[in-house]
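Structural features, examined
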Amino acid sequence: KKSPTTVPGPKPWPLIGSMHLLAGYETPFQAFTALSKIYGDIFSIHLGSAPCVVVNNFKLIKEVLIAKGADFGGRPDFTRFHKLFGGDRNNSLALCDWSSLQKTRRSIARTYCSPRFTSLQYDRVNNVGEEELDSFLAELSRLPHGQSCDVKPAVLKVCANMFTQYMCSTSFPYDDQDFQKIVRYFDEIFWEINQGYAVDFLPWLLPVYTGHMKKISHWATEIRQFILSRIIDKHRSTLDYNSQPRDFTDALLMHLEEDPNMNWQHIIFELEDFLGGHSAIGNLVMVTLAAVVKHPEVAKRIQNEVDTVTNNGARYPNLFDKAAMPYTEATILETLRTASSPIVPHVASRDTEIDGHQVNKGTIVFINNYELNQGKDYWEEPALFKPERFLTASGGIIKPAHFIPFSTGKRTCIGQRLVQCFSFVVLATLLQHYDIRAKDGVKVHPGCVAVPPDCFKLVLTPRK
Ligand code: HEM
């Protein structure tokens, strides 16, 4: 066997490493693609003093995520990650290092947060989706129609209630002040974790960020108190340990009794992690609406599909309509492709190799899925927004193997089925009832599925 070679890459400067090479790009991933043209599809880069490796093609990405998934099960040790999770990022499902506890947490979550098409849970997702639509439409009807208005809070609230109803059998009135505040804090956090900060790699900048870090801890603490007082306390008092769990919250509480490795903190953090998923979906819906506004023909086609399957609005669209509404589904996939949400960086948990190159324990590995989503080698006319690319001639959905918006392997996204269910229902229902446009433009952010908590406004016009 040949001995491993070192990974090529730019020579780091003192203190900042090669961070200056990321400047001037809208997302670091654009910089990674540019650097891959110089150093090759795998290159090393120091960010601050942290050694990183970037993998830029599908073959290498599969090697990291699938073939050697067990060698790359860690996550970076950023201070911000600790602040979000009660001082310890290992409380978080997405930001923890791999462990047997993580395996347990993922397996409890999978039944509920990754329901199969034919399962009872899928029926529940569908029912919850439909039940929440009345109050969503009531909220939209209260917005000033024909004028620019903030649609995001209503979209986030319907997603939040779909999640709390599905996972905790609880939903909240839209005018509940505490609920509004918590939905906002979740959204602030979602925007926050989607930002790259120099301080992640340059910890000596921390004193400058003291106020910011305090703010993050405050949001997370308030969310946790809300979950405890408004969700968990009630569940505990009505839980029957001899029956089947009513929902994800029951399953977590029952697990606490059975598994000595689980503690009370784990339960709260796991629930918080999953409830927080609603912000990702709300933001994805907003980014999809931005695309729809820019491409009115896309809106028309979605409206045609939804009108046809619902007999011209005789009922709401539901998950079992998905097969008959491939263009709507393809629009969400095209939004995921063009938004290109980053894959959370992985970290080598032991000394290992990628493609014959030595990669030492502790190295941060960036997966350049921006290149997979936008590269000319992978797509025809990648810069165009074309949902049709996901449609087969016979009207089915086709996803190329290199399209991995939710990643793949050991740490793949657990929420992807819920994303595909709830974003579909919310988008289809909104367009079933409203034509949408924007007076002041719609700003989205490349390499990111998040839009800022206070984002672009939309004009809603009732269709009938
Ligand atoms: C727009 C929507 C979403 C996108 C694009 C997305 C994408 C991703 C990606 C790329 C990862 C990283 C996988 C890796 O490191 O290899 C991830 C991890 C994860 N996602 Fe999602 N996600 C979305 C929504 C959700 C939702 C709604 C939930 C929960 C209900 C969720 C739960 C998780 C969890 C728990 C992880 C961590 C898994 C682990 O590290 O073991 N995600 N997601």
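Reading the values: the criteria
Residues numbered from 1 in each chain as written. Predicted model: local features only at pLDDT ≥ 70, side-chain atom pairs only at ≥ 80, totals over all residues. Helix = DSSP H or I, 4+ residues; strand = E, 2+ residues; numbered from the N terminus. Buried ≥ 20, exposed ≤ 12 C-beta atoms within 10 Å, placed from the backbone. Expected span 1.5 Å × (residues − 1). Arc of directions from axis to C-beta. Contact = placed C-beta atoms within 7 Å. Pairing = 2+ DSSP bridges.

Considering the arrangement of structural elements, one finds Gln102 in helix α4 (residues 100-113). Residue classification places Gln102 among the partly exposed residues on the basis of 17 C-beta atoms within 10 Å. Put simply, Gln102 and Asn91 are 11 residues apart on the chain and 9.5 Å apart in space, counted from C-alpha to C-alpha.

Over its 12 residues, helix α5 (residues 120-131) extends 16 Å from the first C-alpha to the last, a length consistent with the 16 Å expected when each residue adds 1.5 Å. Considered for burial, the residues of α5 that qualify are Val125, Val128 and Gly129. Along the long axis of α5, the arc covered by the buried residues comes to 105 degrees, so they all point the same way. On its buried face, α5 is in contact with α7 (152-168) and α17 (416-433).

For the rest of this paragraph, the subject is unusual backbone geometry. One non-glycine residue, Ser340, adopts positive backbone phi at about 50 degrees. Of note, Ser340 is situated in the loop between α15 (326-339) and β4 (346-347). Positive phi, close to 45 degrees, is recorded for Glu381, a residue that is not glycine. Its place among the elements puts Glu381 in the loop between α16 (369-374) and α17. Residue Glu381 is classed as exposed on the basis of its 9 C-beta neighbours within 10 Å.

What follows concerns the pairing of strand β2 (residues 50-55). Relative to β2, strand β1 (residues 42-47) runs antiparallel, the two sharing six bridges. Paired with Leu47 across the bridge in β2 is Ala50. The hairpin turn running from β1 into β2, its antiparallel successor, is two residues long, and Gly48 in that turn takes a positive phi close to 60 degrees. By the bridge criterion, four bridges tie β2 to strand β7 (residues 364-367) in an arrangement that is parallel. Across the sheet, Val55 pairs through a bridge with Ile367, a residue of β7.

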